[in-house]
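What the coordinates show
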Amino acid sequence: MINSAVPNGDPGQATDGVPGQVGDVGPGRDGDSAHRVFRRWPLLRSPNFRLFALGQTTSNTGTWMQKIAQDWLALELSHGNGTVLGVTTALQFLPLLLLGPYGGVLVDRHSRRRTLLVTEAVMGVLALLPAALVLTGTVSLAALYGLALALGLTMVVEKPALQAFIAESVEPAQLVGALAFNSAVLNLARMAGPALAAPLIVFVGPAPAFFANALSYVAVIVCLLRMDPRSLNPAPPVARAKRQVRDGLRHVAERPDLALTLGLVAVVAAFGMNFQITTALMSTQVYGASAATFGLGNTALAAGSVVGSMLAARRQRMTGHQLAGAALVFGALETASSLMPGHLAFLVLLVPTGVALLVFLTAAKARLQLGVSEDMRGRVMSLYMLASLGTTPLAAPCIGWVAHTAGPRAALALGGAVSVLAAVTVGVLYRRPAVAVGSGRPVHAAG
C-alpha cells in the first residue's frame, strides 16, 4: 500500500541511503526488488503518482470486467449478432465524436482533479444500474444501449481530464515515462479484468462484474482525495471566453505534425482498434470459445501492450517516422492474425500486435502532450480522445456488418489493411519540409 508518511519533494530526486525516504530500502530480497523498481521507474518515488497509478489500475480492472460482461450480454440477447455488438460500441463512443472538443474546453476551465472526482462518481453509479437490471431479470438491449450512451457522455469530460492530469502528477521531465508507465499498469488491469470476469459469468452471471466495477470507482476517488495538492503541478484554469473550441482546432490545424499524428490515430482507431468486436466474434464464431475463454483475446493484447509500454518508455526520441512505423507493424500483424487457423495461434499473434499498438499510442500521446502549452493541453487531449475513441462510431457498425455478412476474419483483415495504408500515407507526408518545421523540438522520452 501507499506510505502516506513519505515526504513530498522532487519526485525525480534520488533519496537512496537517506533513512525514511522512499529510495531507502531495507536489506533482503524485497528491498532489492523495490530498489530495482524505483531505479527503473524514478517517478514511482512520487506518492501522488503512485496513488494515481493504484487508483487507475483498480478502476480499469473493474472497467474491463464490465466490458466483458456487457459484450457477453449483448451477444446473448441478440443471439450472436455482430451488428448489435457494433452498435453498442458505437453508442458508447458517439458522444466523444460529437462533443469531444467541448469536453476539452471544460477540462481547461476547471481543476482536473476535482473534475475527475465528479466524473468517477457518476461512472460508479452508472455501473450499478446494469447490475440491478440483471439481478431483477429486466435487462434488455435497449437498456444496454442506454448505458453505453450514458457512459459515453461522461467520458467526454473524464477522458481528456485523465490524460491532462497525468502531466500534473509528475514533473515535466518525467511525462513520457509517466505516460508509458500508466499504459503498462492499465494494460495489466486489462489482463486481470477479463480473467476475473470470465469465471464470474460462468458460475454466477454477469451482475457481479458490474458491481465490481462500481466498487473500483470508490478506490479511484479515495486515491484522488489522498493526494497532496501541494505536490501537484496544476495548470491555471483558463478563463471563460468565446470561440475556445475553435481556438483549439486552429492550434492543431496550424501544426502539421500535430494534425498528422491525430489523423493517423483516428484512422487506426476507427478501423484497426475495434478489438471489442473482432476478438469477441473471432473467439465465439470462428473458434467456438466458451465463456471461460471468451476474454482471452483481450488478455493476449494486454500482455503485449505491457511489453510495448516498457519499450516506449526506453525510447530516446518519438519521431513521426517511428509513429508511422509502429502503425505499419500493427496493421500488418492484425492482418496476419485474421489468417490464424486455430485459437491458440490467434492468441499468440495478438501479443506482438499489442506491443506494436502500445508503442504507437504512447508515441502519439507523447508528441501531443509535449508539443502544446498548458492552456491548450485539455483541448488537444480531447482531440486525441476524439481521434482514438470518438471515431469508433464511424466504423464500428461497418466492422460489425462486415463480420456479420463476410465473417469475423474479413472484418479483422479489413482493419489491419486500412491501418497499413494510413501508416504508409502518413509516413510519406512526414517527409514534407512543412511538417518538419511544424514539429519544433524533438520529443524525448523521460522514462
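In this text, all values refer to a predicted model and were calculated from it rather than measured experimentally. (Residues numbered from 1 in each chain as written. Predicted model: local features only at pLDDT ≥ 70, side-chain atom pairs only at ≥ 80, totals over all residues. Heavy atoms only, no water.)

1. Observations regarding the pattern of salt bridges
The line we're drawing: Just to be clear on terms, a salt bridge is a Lys or Arg side-chain nitrogen sitting within 4 Å of an Asp or Glu carboxyl oxygen. Three exposure classes are used, based on accessible area relative to the maximum for each residue type with a 1.4 Å probe and protein chains only: buried under 20%, partly exposed in between, and exposed over 50%. The helix and strand labels rest on DSSP assignments: H or I over at least four residues marks a helix, E over at least two residues marks a strand, and numbering proceeds from the N terminus.
The full count for this structure, using the stated rule, is 7 salt bridges. Measuring nitrogen to oxygen at the nearest pair gives 3.1 Å for the salt bridge that ties aspartate 108 to arginine 112. A single burial state applies to aspartate 108 and to arginine 112, both of which are buried. Close ionic contact of aspartate 247 with arginine 250 constitutes a salt bridge, the shortest N to O distance being 3.0 Å. Here aspartate 247 and its partner arginine 250 are both found in helix 8 (residues 244-253), 3 residues apart, which amounts to about one turn of the helix. By sharing partners, the salt bridges in this structure join Asp108, Arg112, Glu168 and Arg379 into a single network.

2. Notes on the environment of threonine 88
Let me state the cut-off plainly: Two N or O atoms form a polar contact when they lie within 3.5 Å of each other; inside protein one atom must be a possible hydrogen donor and the other a possible acceptor, and for residues adjacent in sequence the pair counts only when both atoms belong to side chains.
Locating threonine 88 in the fold gives a position in helix 3 (residues 82-109). Looking at threonine 88, the relative accessible area reads 2%, which means it is buried. Separated by 58 residues in the primary sequence, threonine 88 and glycine 146 have C-alpha atoms spaced 9.0 Å apart. In this structure the side chain of threonine 88 is engaged in a polar contact, spanning 2.9 Å, whose partner is the backbone oxygen of valine 84.

3. Considerations on the packing of aromatic side chains
Formally: Aromatic pairs are defined between Phe, Tyr and Trp rings, using the six-membered ring for Trp, whenever the two ring centres lie within 6.5 Å; interplanar angles under 30 degrees are classed as stacked, those over 60 as edge-to-face, and all others as tilted. Whether a charge sits over a ring depends on NZ of Lys or CZ of Arg being within 6 Å of the ring centre and within 35 degrees of the ring normal.
A complete count under the given rule lists 5 aromatic pairs for this structure. Aromatic pair tyrosine 287 and phenylalanine 346: ring centres 5.5 Å apart, planes at 40°, arrangement tilted. Of this pair, tyrosine 287 sits in the loop between helix 10 (275-286) and helix 11 (296-313) while phenylalanine 346 sits in helix 13 (residues 343-369), placing them 59 residues apart in sequence. A relative accessible area of 0% means that phenylalanine 346 is categorised as buried. Over the aromatic face of tryptophan 64 sits the side chain of lysine 67, whose NZ or CZ is 4.5 Å from the ring centroid.

4. Here we look at the side chain of asparagine 48
Filter applied, for reference: We call two residues in contact whenever any of their non-hydrogen atoms come within 4.5 Å of each other.
Along the polypeptide, asparagine 48 turns up in helix 2 (residues 47-77). Setting aside its immediate chain neighbours within four residues, asparagine 48 contacts Ser169, Met227, Asp228, Ser231 and Leu232.

5. Regarding the environment of serine 382
Following the sequence through the fold, serine 382 ends up in helix 14 (residues 374-390). Apart from the residues lying within four places of it in its own chain, the contact partners of serine 382 are Gly100, Pro101, Gly104 and Pro160.

6. A look at the nonpolar core
This is how the line gets drawn: What we call a nonpolar core is a set of buried Ala, Val, Leu, Ile, Met, Phe, Trp, Tyr and Cys residues that are connected through their side-chain atoms within 4.5 Å.
Grouped together as the largest cluster of nonpolar side chains are 54 residues, with contacts concentrated most on Leu264, Phe346, Phe360 and Tyr384. If one sorts the elements of this core by residue count, helix 13 sits on top with 12 residues. One finds Leu44, Val107, Ala161 and Ala366 within the second-largest nonpolar core, a separate group that totals 29 residues.

7. Examining helix 16 (residues 408-429)
Note the threshold: Expected helix span is computed as 1.5 Å times (number of residues minus one). By construction, the arc corresponds to the directions joining the helix axis to the C-beta atoms.
With 22 residues, helix 16 should cover 32 Å at 1.5 Å per step; its first-to-last C-alpha distance of 32 Å lies within 8% of that length. When helix 16 is considered as a whole, its buried residues turn out to be Pro408, Ala411, Leu412, Gly415, Gly416, Ser419, Ala422, Ala423, Val426 and Gly427. Along helix 16, the residues classed as buried sweep out an arc of 135° about the axis, all on the same side. Projecting away from the buried face of helix 16 at angles above 90 degrees are the exposed residues Leu421 and Val428.

8. Regarding the packing of helix 12 (residues 320-337) against helix 13
The condition that has to hold: Fitted lines through C-alpha atoms serve as axes, helices being fitted only where they are in contact, and the angles separating the N-to-C directions of these axes extend from 0 to 180 degrees. Note on angle classes: values under 35 degrees are labelled roughly parallel, values over 145 roughly antiparallel, values of 65 to 115 roughly perpendicular, and the remainder oblique. Helix crossings get a hand from a simple test, with the near helix turned counterclockwise from the far one by less than a right angle marking a left-handed crossing and a clockwise turn marking a right-handed one. All amino acids are sorted into three groups, where Ala, Val, Leu, Ile, Met, Phe, Trp, Tyr, Cys and Pro are nonpolar, Asp, Glu, Lys and Arg are charged, and the leftover types, Gly among them, are polar.
Where helix 12 contacts helix 13, the two axes come as close as 8 Å, and the packing angle between them is 155°. Taken together, helix 12 and helix 13 sit at an angle that is classed as roughly antiparallel. You can see that helix 12 and helix 13 cross each other, and the crossing is left-handed. Only Phe346, Leu349, Leu350, Pro352, Thr353, Ala356, Leu357, Val359, Phe360, Ala363, Ala364 and Arg367 of helix 13 make contact with helix 12, whose side of the interface consists of Gly320, Leu323, Ala326, Ala327, Val329, Phe330, Leu333, Glu334, Ala336 and Ser337. The class makeup of the residues in the contact of helix 12 with helix 13 is 17 nonpolar, 3 polar and 2 charged.

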